[in-house]
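# Working through the structure, step by step
Listed below are the residues making up each chain.
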Amino acid sequence: MSSTAEPATSRPERTWLVSEHLDDVLGRLRPLDPIELRLLEAQGCVLVEDVTVPVALPPFDNSSMDGYAVRVADVAAASEEFPAVLTVIGDIAAGSGELPRVGPGEAARIMTGAPLPPGAEAVVPVEWTDGGSGGGPASGMLAHSAAPEGAGGEVRVHRPAAARAHVRARGSDVGAGELALRAGTVLGAPQISLLAAIGRATVRVRPRPRVVVLSTGSELVPPGEPLGPGQIYDSNSFALAAAARDAGAIAYRVGGVADDAATLRATIEDQLIRADLLVTSGGVSVGAYDVVKEALTGLGDDADGVRFRKLAMQPGKPQGFGFVGEGGRDRAPLLALPGNPVSAYVSFELFVRPAIRTLMGVEPVHRTVVSAVCPEGVASSLPGRRQFLRGRYDADENAVTPVGGSGSHLVKALAHANALIVLPEETTSLEPGGTVDVVLLD
């Protein structure tokens, strides 16, 4: 008696939980190797080393005001009626090297950031003086180029100054040998400012991942061009590239790849040279023109090539993940997302964003999740699937309201949402006033 093997297409396909798919993705990724980058190139990257301060900051005592460097005793009795009259011995500008010594009865005109000269104990702001004019209180200094005589003559000081008044002490910001930034710090503008201030020209970081975003579909037209019959504008590649940037990646958008397996395969192979991660949208379902599965077959090793699976979630049931390329630098992970705009975006938030953050080696990997009240409730939810509804979260009220319907094509509702309402697999409805988990998207 003979038997015929059951066709592969008729075998039941296992449905994966959202957590299983996410664990599979993150468990097979590793942070990118560290590299040395110049400061501006390192913006948005993660430090992989502690940075200590080589020299004190500021490196010398300096003035915090435009005014006059004086000895405290010389101005102790100064007043509007009886000003202290001091001899001006010169100017001290920021960056001055040779500094005059301020002796008894003397003052040096000093600018903000200029080093405090020897002999001086404090700085009196120019507004506390006559500015050398011989009149009442000055409102400021004339430019040295316009009035070089201001560096000499006499100045009348109308108020006393305590020792170290308006003086920034050496090391008052950070001392030599102190820790400036810890490993794991994401470098933004303030951190780059500090690194530059302590003299670091380069830093060792994990680079921002290069993410190539491809949207598939012969019906897609770039925004700005006229639509033909049956055509729609390509929004996915723009949305996913923007989301990748928000996550910290360098994003490259390749939009509107035609529904042709050879074309898609060639496009992916061309992009591998600049990709730490590839993201496709569309072509992962069961239609006759869903060419992503066909195109990706054979692009990776048997052990870790792209695999397609169904997830117990809505929206975003069809997903794919694996590695493409022949190894070495041209081998990269690929996440294949569904093509409906909401499905693609929700899938990005759940799977691609954590993947990007993992490659960066930065915490937190996941979006913040809070528990919130849903005053309206949810009438129905598909049993056996984890549902992600668009919502508007009010932090003051700790309440969330569904936005739009559950359809995966409702882009307008997505644009007005700032959160995802999570309904677990076993939940089929939520009573008004019930509590739900909320993924914050801001």
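Here's what I pulled together on the structure shown here. All chains use their own residue numbering, which begins from 1 and follows the written sequence. The predicted nature of this model means local features are confined to residues of pLDDT at least 70 and side-chain atom pairs, given and counted, to a pLDDT of 80 or more, with totals for whole chains, interfaces and linings taken over all residues. Values reported for side chains reflect all heavy atoms of the structure, with hydrogen atoms and water molecules removed beforehand.

## Notes on the environment of A180
Locating A180 in the fold gives a position in strand β12 (residues 179-181). With 20 residues separating them along the chain, A180 and R200 place their C-alpha atoms 11 Å apart. Residues in contact with A180, not counting those within four places in the same chain, are V51, T52, V53, L194 and I198. Under the DSSP-based scheme used, a helix requires at least four consecutive residues in state H or I and a strand at least two consecutive residues in state E, with every element numbered from the N terminus. Two residues form a contact once any of their heavy atoms are found within 4.5 Å.

## Re the nonpolar core
Formed by 45 residues in total, the largest nonpolar core has its most connected members in V211, L277, M313, L335, F348, V352 and I356. For this core, the element with the highest residue contribution is helix α7 (residues 341-360), accounting for twelve residues. For V352, the residues in contact, after removing those within four places along its chain, are L277, V279, L335, L337 and S347. The criterion is simple. A nonpolar core is a set of buried Ala, Val, Leu, Ile, Met, Phe, Trp, Tyr and Cys residues joined through side-chain atoms within 4.5 Å. Relative accessibility decides the category of a residue: with a 1.4 Å probe and only protein chains considered, values under 20% of the type maximum give buried, values over 50% give exposed, and everything between is partly exposed. V212, V254, V324 and A332 belong to the second largest nonpolar core, which has 20 residues in total.

## Things to note about the packing of helix α1 (residues 18-27) against α7
Only the stretch in contact is used when fitting a helix axis, every axis being a line fitted to C-alpha atoms; angles between N-to-C directions are given from 0 to 180 degrees. Across the interface, α1 lies against α7 with an axial gap of 10 Å and an inter-helix angle of 25°. Taken together, the axis directions place α1 and α7 in an arrangement best described as roughly parallel. Considering only the axes of α1 and α7, their crossing is right-handed. From α1, V18, H21, L22, V25 and L26 reach across to α7, where they touch L350, F351, P354, A355 and T358. Orientation categories follow fixed angle ranges, with anything under 35 degrees roughly parallel, anything over 145 roughly antiparallel, 65 to 115 roughly perpendicular, and all other angles oblique. Left-handed describes a crossing whose near helix is turned anticlockwise from the far helix by less than a right angle; the clockwise case is right-handed.

## A word on the packing of helix α4 (residues 236-247) against α7
As a packed pair, α4 and α7 sit with axes 9 Å apart at the nearest point and diverge in direction by 30°. As far as their axial angle goes, α7 and α4 are roughly parallel. Both α4 and α7 take part in a crossing whose hand is right-handed. Contacts from N236, L240, A243, A244, D246 and A247 of α4 reach α7 at P341, A344, Y345, F348, R353, I356, R357 and M360. Classification used: nonpolar for Ala, Val, Leu, Ile, Met, Phe, Trp, Tyr, Cys and Pro, charged for Asp, Glu, Lys and Arg, polar for all others including Gly. Class assignment for the residues of the contact of α4 with α7 results in ten nonpolar, one polar and three charged.

## Things to note about helix α5 (residues 261-271)
Those residues of α5 not exposed but buried are A261, L264, T267, I268 and Q271. On an axial view of α5, the arc spanned by its buried residues comes to 130°, and they lie on one face. Exposed positions of α5 whose direction lies more than 90 degrees from the buried face are A262 and D270. Buried residues in α5 make contact with β14 (210-216), β17 (250-257), β18 (277-281), α6 (291-296), β21 (318-324) and β22 (332-337). This arc describes the spread of directions from the helix axis toward the C-beta atoms.

## Section: the sheet that holds strand β7 (residues 84-92)
At least two bridges found by DSSP between two strands is the condition for calling them paired. Across the sheet, five strands lie side by side as β9-β6-β8-β7-β10; this open sheet has mixed pairing. A strand with exactly one partner marks an edge of an open sheet, and here the two such strands are β9 (122-125) and β10 (154-157). Averaged over neighbouring strand pairs, the angle between their axes works out to 40° when direction is ignored. Of the strand pairs in this sheet, strand β6 (residues 67-70) and β9 are connected by four bridges, and their pairing is antiparallel. Within the sheet, the bridge partner assigned to A69 lies in β9 and is V123.

## Some remarks on α4
Multiplying 1.5 Å by the helix residue count minus one yields the expected span of that helix. Between its first and last C-alpha, α4 extends 16 Å over twelve residues, near the 16 Å set by a 1.5 Å rise per residue. Listing the buried residues of α4 in full gives N236, S237, L240, A241, A243, A244 and A247. What you see down the axis of α4 is that its buried residues fit within an arc of 160°, all on one side. Set apart from the buried face of α4 by more than 90 degrees, the exposed residues are R245 and D246.

## A word on the pairing of β7
Where β7 meets β10, four bridges bridge the pair, whose relative direction is antiparallel. Each bridged residue has a counterpart across the sheet, and for T87 the counterpart in β10 is E154. In the sheet, β7 pairs with strand β8 (residues 106-110) via four bridges, with the strands oriented parallel. Among the inter-strand pairings, D91 is bridged to a residue of β8, identified as R109.

## Quick word on the layout of surface pockets
If you add up the space inside the second largest pocket, you get close to 360 Å³. Detection works on a 1 Å grid of protein atoms alone, calling trapped sets that fit a 1.4 Å probe cavities and calling open sets with protein on both sides within 12 Å along at least five of seven lines pockets, with lining residues defined by an atom within 4 Å of a point. Around the second largest pocket, the lining is made up of 16 residues, and of these L350, V369, R386, F388 and V439 lie nearest the centre. Listing elements by their share of the lining of the second largest pocket, those giving two or more residues are α1, α7, β24 (386-394), β26 (419-423) and β27 (434-440). Here the lining of the second largest pocket is composed, by residue class, of ten nonpolar, two polar and four charged. Grid points are joined across faces, edges and corners, and a volume is the space filled by probe spheres set on the points.

## Remarks on the pattern of salt bridges
A pair is scored as a salt bridge if a Lys or Arg side-chain nitrogen falls within 4 Å of a carboxyl oxygen belonging to Asp or Glu. Applying the stated criterion across every chain yields a total of 13 salt bridges. The salt bridge involving R309 is made with D24; its shortest N-O contact spans 3.0 Å. Of this pair, R309 sits in strand β19 (residues 307-311) while D24 is found in helix α1, placing the two residues 285 residues apart along the sequence. Pair check on accessibility: R309 and D24 agree, each one buried. For E425, the salt bridge identified is with R386, shortest N-O distance 3.3 Å. With E425 in the loop between β26 and β27 and R386 in strand β24, this residue pair connects regions lying 39 residues apart in the sequence. In this structure, a network of salt bridges that share partners links the residues D24, R28 and R309.

## Section: the side chain of T216
Structurally, the position occupied by T216 is in strand β14. Under the relative-accessibility criterion, T216 is labelled buried at 9%. Polar contact is the term for a pair of N or O atoms within 3.5 Å; when the atoms are in protein, one must be able to donate a hydrogen and the other to accept it, and sequence-neighboring residues count only if both atoms are side-chain atoms. A polar contact of 3.0 Å, which involves the side chain of T216, links it to the backbone oxygen of S281. There is a polar contact of 3.4 Å between the side chain of T216 and the backbone oxygen of G282. Those residues within four positions of T216 in sequence are excluded, and the remaining contacts are V257, D259, L264, S281, G282, G283 and V292.

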